[in-house]
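# Survey of secondary and tertiary structure
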Amino acid sequence: MAALARQPARSPSPETIEVIGERRLMGRRVATVIGRRHHLQVLTALVDTAENFGSSLLLRGDTGAGKTTLVETARRVWTRQGARVLTVDTAQPSQPLTLDLVIESLRDQLDHVTDPEFAERVAAAARMRDRLRHSTEPQLLALVHTISVALSRLVAIQRTVLVVDDAHRVSSVTRPAFALLLQNARAAGCAVVVTTGLRSAGCSFLHQLVATADDILDVEPLDGEDAHQLLARALPVDQVAVDPGLEGALRTALGGLYGNPGTVLTTVRSLAEGGRLRMIDDHLCLVRPEETIRLDEDHELTTRVRAAGADAEALAATVATVPGLRVDDLPVISEVIGTDLDSAGHALDRLVGDGVLRLDAAGRLAFPVPALAATLRWRGGPEAARERHRSFAEVLRRRSRRGIAVDRARLADHVAAAGPALPWPDAADLLVTEADSRRNSQPLSAMTWYAAALRRLTATDPRWWHVFRWVTRLQFGLGHYDAVSSTTRAALPLLRGLVGASTGSGDRVARPGASGGADDLFDISIRWLFAAMQQQRVDDVDEVLSLLEEVWGDTSWGPRIARSCALMLRGRLQAAVEVERRALRTSGELAGDHGTGELVITGLEAMALTTALAGDRRSFEWAWGRLREDRGADGQDVPTRDHLRDSALLVDYTTAFGLVLGDRYAPPVDGPLPGYQLLLSHYWSGEWDAALSLARSLEAAADGEDTPPLHLVRVFAAEMCSERGEFDRAWAWLERIPATTVCGHYLAWVRCGLLHRTGDTVAADVVGWQNYHRHRRAGYLALAPLLTRLTDQASRQGDEDGARRGLAELERLDDEVGSPGSRQSVLLMRGLVEGDVAALDEGLRMARARGDQPSVARALLIKAGAAPDQRRWLREFHQVCERLHGDGGRGHLVELMRGMGLSPVRVRARRPDFSDLELRIIDLVSDGRTNRQIAVTVGVSEKTVESRLTRLFSRTGCRSRTELAAARIEGRLSGGPDPRTDHPSTPRLGEAVPT
């Protein structure tokens with residue numbers, strides 16, 4: 001070991017093993033040492049030799065990196081190799097001198113070592129220590145000599161390892177003597193292992209340890225697959241999958257500490273104790289994701305902030321609270337925290353040197369670990385944050401009065417954030433002035449300033465109406481529909497007071513002296529109605545309807561469009577269309593006779609949207625044609641029309657509104673609709689893992705709110721689980737949907753398929769047809785998926801009459817609906833039921849063009865059953881299904897293909913050099929199982945699974961579980977029979993056999 005180079009030895013990333021050290025967490029044992037193969041090899045090699053060659057190794061790493069557990073794991077190996085291990089824990093507060101700890105460790109060996117000479121030398125060291133409690137350095141050196149003699153005798157009796165944990169904690173009085181003791185121990189033949197932190201700037205003792213070490217190992221944070229396994233082992237529930245949303249949130253919050261075992265363990269524990277971890281869809285998910293993730297108060301980083309002094313702590317809290325601060329702002333920051341500029345500069349240098357803050361190339365101050373900033377903000381609470389903003393505002397105003405240039409936008413930001421903590425009488429004036437001047441160039445900032453000003457104004461203030469009107473306009477125009485609803489609802493009593501007695505013509509006029517009138521109120525009401533539709537909140541729609549009817553009666557355009565929206569959200573689609581038609585006939589093509597001319601949506605646009613959702617083919621094409629004509633456009637623009645029709649039938653309002661309103665529509669930044677839109681995109685494109693993760697995130701973020709888009713999210717999540725053969729998960733999703741949902745037709749589509757796949761074919765047919773007829777009578781048109789499923793299931797059961805009945809009904813529906821989706825379904829089912837190859841090919845072409853991967857997979861399977869070149873279609877089918885079903889769905893795909901009378905394709909094996917057990921382990925790794933789950937499944941110990949995986953990595957050249965799984969799925973690993981069955985009629989997917 002003495003010949004080893006004195007330079008940091010880093011663990012090579014390809015080498016990944018799991019070595020289990022145990023720590024009690026949340027009432028169970030979890031493995032906390034992962035991916036440190038190289039470190040363990042070096043540590044255990046310290047006592048590999050038969051002779052007592054002294055050596056010293058320095059193990060460096062941040063607190064929580066796993067140094068202690070790594071050494072503890074190595075200690076068990078050293079003990080098995082016959083070595084004696086002395087441990088010196090410098091964190092013990094009971095001993096004033098670290099030399100005392102060494103003597104106590106030697107005394108502990110007296111029970112195991114019967115050598116009189118060793119006992120006498122330990123006793124001599126203890127007597128000298130008792131005499132030298134208040135010792136000088138020469139006396140300490142004498143004690144070091146006596147201890148070194150005792151160590152030499154112990155080494156002569158048995159191979160000995162001296163472990164010093166957290167050497168950076170050694171007291172400054174003892175450091176020179178202790179460094180000499182470590183050198184003497186090495187010279188006597190001890191293997192000396194010293195652990196310390198990475199940050200040793202300005203500490204000569206740690207520099208001396210680095211200079212005298214034979215080898216240096218840096219324990220870096222884990223990354224890649226190792227970090228993923230670390231998170232899985234840190235969870236408070238055994239054998240559970242981690243939702244990618246939770247992993248992504250932790251990675252973002254912890255930054256470079258994400259791979260730090262101690263940090264991950266304590267953070268996950270805090271989340272669990274705070275009720276922020278929840279099982280959804282057999283995955284552990286993060287609830288209330290809008291809340292930040294914090295570090296523990298006793299984390300090393302928070303300790304560094306406190307240790308840096310009051311100025312540094314105040315500066316760090318200020319940077320955490322006020323985003324966007326730069327190093328150039330230090331003069332202002334120093335005034336805010338109440339210190340001089342030099343002290344603030346020294347505090348900043350200390351925080352940067354300790355890794356608490358960092359400076360980017362532009363001089364911006366930021367936290368490398370955002371969770372630390374969250375901890376500092378949480379520590380003071382909202383009141384402390386408002387006080388800091390108040391201080392900034394006052395400092396900036398004083399500087400402005402002294403003639404120093406001040407950014408008034410920044411001043412407005414602080415005034416807005418300070419709220420009631422800043423009792424300036426002219427605060428509202430400042431906010432309104434800045435918002436008025438910047439609402440075109442900085443609309444988001446202006447929206448914030450107007451909202452803050454509105455909270456300061458009373459209803460009698462002449463500026464109230466101006467501010468209210470502009471804040472709701474900007475909220476609406478930026479897609480903050482939840483803010484539109486909350487702001488308008490809070491002002492509802494005042495809004496009702498803006499209008500007076502009826503004129504007798506259906507309108508009401510503003511009361512004398514009022515700052516707003518009926519036209520403005522109409523615009524606000526329509527914006528609120530539109531926002532409520534974006535949020536899918538029927539109660540808000542009812543409130544808008546009540547307001548509009550109170551002001552304008554029930555015959556004008558505004559109340560009728562609100563009534564149509566209320567009917568639509570309650571599932572009464574045909575009634576909604578009829579109300580819309582009457583509104584259009586009554587009030588013309590625009591938004592009626594009310595309003596200021598600032599149109600939110602015209603009558604023709606509303607009619608196009610409503611008929612796209614619930615109108616028959618002729619009604620929809622008429623409304624779309626009239627809208628195109630009104631805009632002076634040529635032709636029907638069939639692609640946009642078809643896209644609108646499909647989106648509306650899927651209740652994808654975000655896409656539908658965008659297609660109709662164009663640039664006048666701002667997609668919502670909050671609420672369930674944008675999430676549902678993204679989930680549909682993942683579903684159609686075949687990214688089902690991402691779609692299911694998004695569904696879990698939306699479920700976790702719902703916080704008790706239950707809206708139709710969330711029902712549809714659950715429907716599609718259940719469908720994906722059902723298609724993958726994960727039936728319990730599918731039923732669990734469906735159980736979350738209330739029986740009164742307005743998306744019952746889609747719910748029936750999934751239930752029908754789930755019942756059929758679980759063997760209850762009679763119930764599947766009954767449920768499917770009953771729901772079809774019920775929803776058909778209620779005016780629902782988005783029934784093609786349900787009819788397609790009924791037709792497909794009848795065909796699979798050999799029920800030719802049932803299949804033809806389903807096809808005939810699907811054709812009648814398509815005649816009425818005329819959507820691309822219904823037409824595609826007709827073509828595919830003609831190919832299945834009637835053997836119409838041309839129709840099947842056209843349906844496959846449409847599915848490819850529309851990006852409908854689930855339908856592409858179904859069409860390919862139908863083609864494989866009818867075409868002579870079966871293998872060509874099955875190969876493509878398998879490629880599509882790899883994305884749809886994931887590795888865990890392979891068994892279900894085999895059953896699906898068997899049900900069609902098809903044989904899965906295989907890629908011939910290259911090397912039959914794996915045992916049945918190894919192949920089984922590889923398959924289970926491909927299915928995403930943990931080592932513990934694999935051990936339970938195959939009936940071996942977890943240690944056996946670990947050793948087999950280590951050998952497999954070595955033999956295959958794969959560097960991670962992910963690479964091993966990928967190689968297996970792609971056919972680059974195979975050999976021998978399928979470990980689950982050796983029957984020749986059940987080949988694995990991806991392997992070729994004659995058909």
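Structure: above.
In short, a report on the structure.

What counts and how
- Residues numbered from 1 in each chain as written.
- Predicted model: local features only at pLDDT ≥ 70, side-chain atom pairs only at ≥ 80, totals over all residues.
- Heavy atoms only, no water.
- Helix = DSSP H or I, 4+ residues; strand = E, 2+ residues; numbered from the N terminus.
- Contact = heavy atoms within 4.5 Å.
- Areas by Shrake-Rupley, 256 points an atom, 1.4 Å probe, with all protein chains shown as cover.
- Phe/Tyr/Trp six-rings, centres within 6.5 Å; stacked < 30°, edge-to-face > 60°.
- Buried < 20%, exposed > 50% of the residue type's maximum accessible area, 1.4 Å probe, protein only.
- Pairing = 2+ DSSP bridges.
- Patch = residues over 30% accessible without salt bridge, like charges linked within 9 Å, V, L, I, M, F, W, Y side chains within 5 Å.
- Salt bridge = Lys/Arg side-chain N within 4 Å of Asp/Glu carboxyl O.
- Expected span 1.5 Å × (residues − 1).
- Polar contact = N/O pair within 3.5 Å; in protein donor to acceptor, adjacent residues only side chain to side chain.
- Core = buried A, V, L, I, M, F, W, Y, C linked by side-chain atoms within 4.5 Å.
- Axes fitted to C-alpha atoms, helices over the stretch in contact; angles between N-to-C directions.
- Parallel < 35°, antiparallel > 145°, perpendicular 65-115°, else oblique.
- Left-handed = near helix turned anticlockwise from the far one by under 90°.
- Nonpolar A, V, L, I, M, F, W, Y, C, P; charged D, E, K, R; others polar.
- Right-handed = clockwise from strand over helix to strand, strands pointing away.

Attention shifts here to the overall build of the chain. Check the secondary structure of the chain and you find 46 helices and 15 strands. Looking at the chain alone, contacts between residues at least 24 apart form 68% of all its contacts between residues at least 6 apart. Accessible area of the chain: about 41400 Å², with a carbon and sulfur share of 50%.

A few words on the packing of aromatic side chains. Enumeration according to the criterion identifies 18 aromatic pairs in this entry. Taking 5.8 Å as the distance between ring centres and 25° as the angle between the ring planes, the aromatic pair formed by F657 and Y665 counts as stacked. In this pair, the class of F657 matches that of Y665, namely buried. Judged by centre distance (6.4 Å) and plane angle (50°), the rings of Y676 and F716 are tilted.

Once that is clear, we can look at the pairing of strand 8 (residues 215-218). In strand 8, alternate side chains face the same way, and those of D215 and L217 on one face and I216 and D218 on the other are all buried. In this sheet, strand 8 lies alongside strand 4 (residues 55-60) in parallel orientation, the contact comprising four bridges. Paired with L58 across the two strands is I216, which belongs to strand 8.

This part is about a nonpolar patch on the surface. Taken together, the side chains of V327, V352 and L359 define a hydrophobic patch exposed on the protein surface, amounting to about 190 Å² of accessible area. Within the fold, V327 resides in the loop between helix 12 (310-321) and helix 13 (330-337). Since its relative accessible area comes to 31%, V327 is described here as partly exposed.

As a further point, take helix 40 (residues 853-866). An ideal rise of 1.5 Å per residue puts 20 Å on 14 residues; helix 40 measures up with 20 Å between its terminal C-alpha atoms. The buried fraction of helix 40 is high, at twelve of 14 residues. When we look at burial in helix 40, the residues that qualify are Q853, P854, S855, V856, A857, R858, A859, L860, L861, I862, K863 and A864.

Moving on, we get to the side chain of T610. Within the secondary structure layout, T610 lies in helix 26 (residues 603-614). Within the structure, T610 has its side chain in polar contact with the backbone oxygen of A606 (distance 2.9 Å).

Core analysis: the largest hydrophobic core is formed by 226 residues, its most contacted members being L250, L315, F367, L372, V415, V715 and F716. Of all the elements, helix 22 (residues 518-535) adds the most residues to this core, at ten residues. Non-local contacts of V715, meaning those with residues more than four positions away in its chain, are made with I737, C743, Y746, L747, W749 and V750. Membership of the second largest hydrophobic core comes to 40 residues, among which are L99, F118, V122 and V164.

The subject of this paragraph is the packing of helix 6 (residues 175-187) against helix 7 (residues 204-212). Helix 7 packs onto helix 6 with a crossing angle of 15° between their chain directions and a minimal axis gap of 10 Å. Taken together, the axis directions place helix 6 and helix 7 in an arrangement best described as roughly parallel. With respect to the hand of their crossing, helix 6 and helix 7 are arranged in right-handed fashion. Every residue of helix 7 that contacts helix 6 at R175, F178, A179, L182 and Q183 is listed here: F205, Q208, L209 and T212. In terms of residue class, the contact of helix 6 with helix 7 is built from five nonpolar, three polar and one charged.

Here the focus is the pairing of strand 7 (residues 191-196). Of all six residues that make up strand 7, six are buried, and the element is covered over most of its length. Residues A191, V193 and T195 of strand 7 are buried on one face, and the alternating residues V192, V194 and T196, pointing to the opposite face, are buried as well. As paired strands, strand 4 and strand 7 are joined by six bridges and run parallel to one another. Note on strand 7: the bridge partner recorded for L58 is V194. Note: strand 6 (residues 160-165) against strand 7, four bridges, orientation parallel. The residue of strand 7 that forms the bridge with V161 is A191. Between strand 6 and its parallel partner strand 7, the chain crosses via helix 6, and the hand of that crossover is right-handed.

We now examine the sheet that holds strand 10 (residues 277-280). Ordered by their spatial adjacency, three strands build an open sheet running 9-11-10, and the pairing between neighbours is mixed. The two strands at the open ends of the sheet, each matched to only one other strand, are strand 9 (241-242) and strand 10. Where strand 10 and strand 11 (residues 283-286) come together, four bridges link them in antiparallel fashion. From the neighbouring strand, L277 faces strand 11, where its bridge partner is L286.

Let us look at the environment of L917. Relative to the helices and strands, L917 resides in helix 43 (residues 916-926). Along the chain, L917 and V938 lie 21 residues apart, while their C-alpha atoms are 7.7 Å from each other. Ignoring any residue separated from it by four or fewer positions in sequence, one finds L917 in contact with V938 and R948.

Moving on, we come to the environment of V938. Topologically, V938 is positioned in helix 44 (residues 931-938). With relative accessibility at 19%, the residue V938 sits in the buried group. Between the C-alpha atom of V938 and that of L924, which follows or precedes it by 14 residues, the distance is 9.4 Å. Ignoring anything within four residues of it in the chain, the contact list for V938 reads L917, R920 and L924.

As a further point, take the environment of R789. Looking at the secondary structure, you find R789 in helix 36 (residues 784-796). Its relative accessible area of 11% is what places R789 among the buried residues. With 37 residues separating them along the chain, R789 and C752 place their C-alpha atoms 7.7 Å apart. Excluding residues within four positions of it along the chain, R789 makes contact with E719, E723, W749, V750, C752, G753 and R757.

Contact pair helix 3 (residues 98-108) / helix 4 (residues 116-131): the axes reach a minimum separation of 10 Å and the direction vectors enclose 150°. Classified by the angle between their axes, helix 3 and helix 4 sit roughly antiparallel to one another. Between helix 3 and helix 4 lies a crossing of left-handed hand. Judged by residue contacts, D100, I103, E104, L106 and R107 of helix 3 engage F118, V122, A125, A126 and R129 from helix 4.

What is shown is where atoms sit, not what they do.
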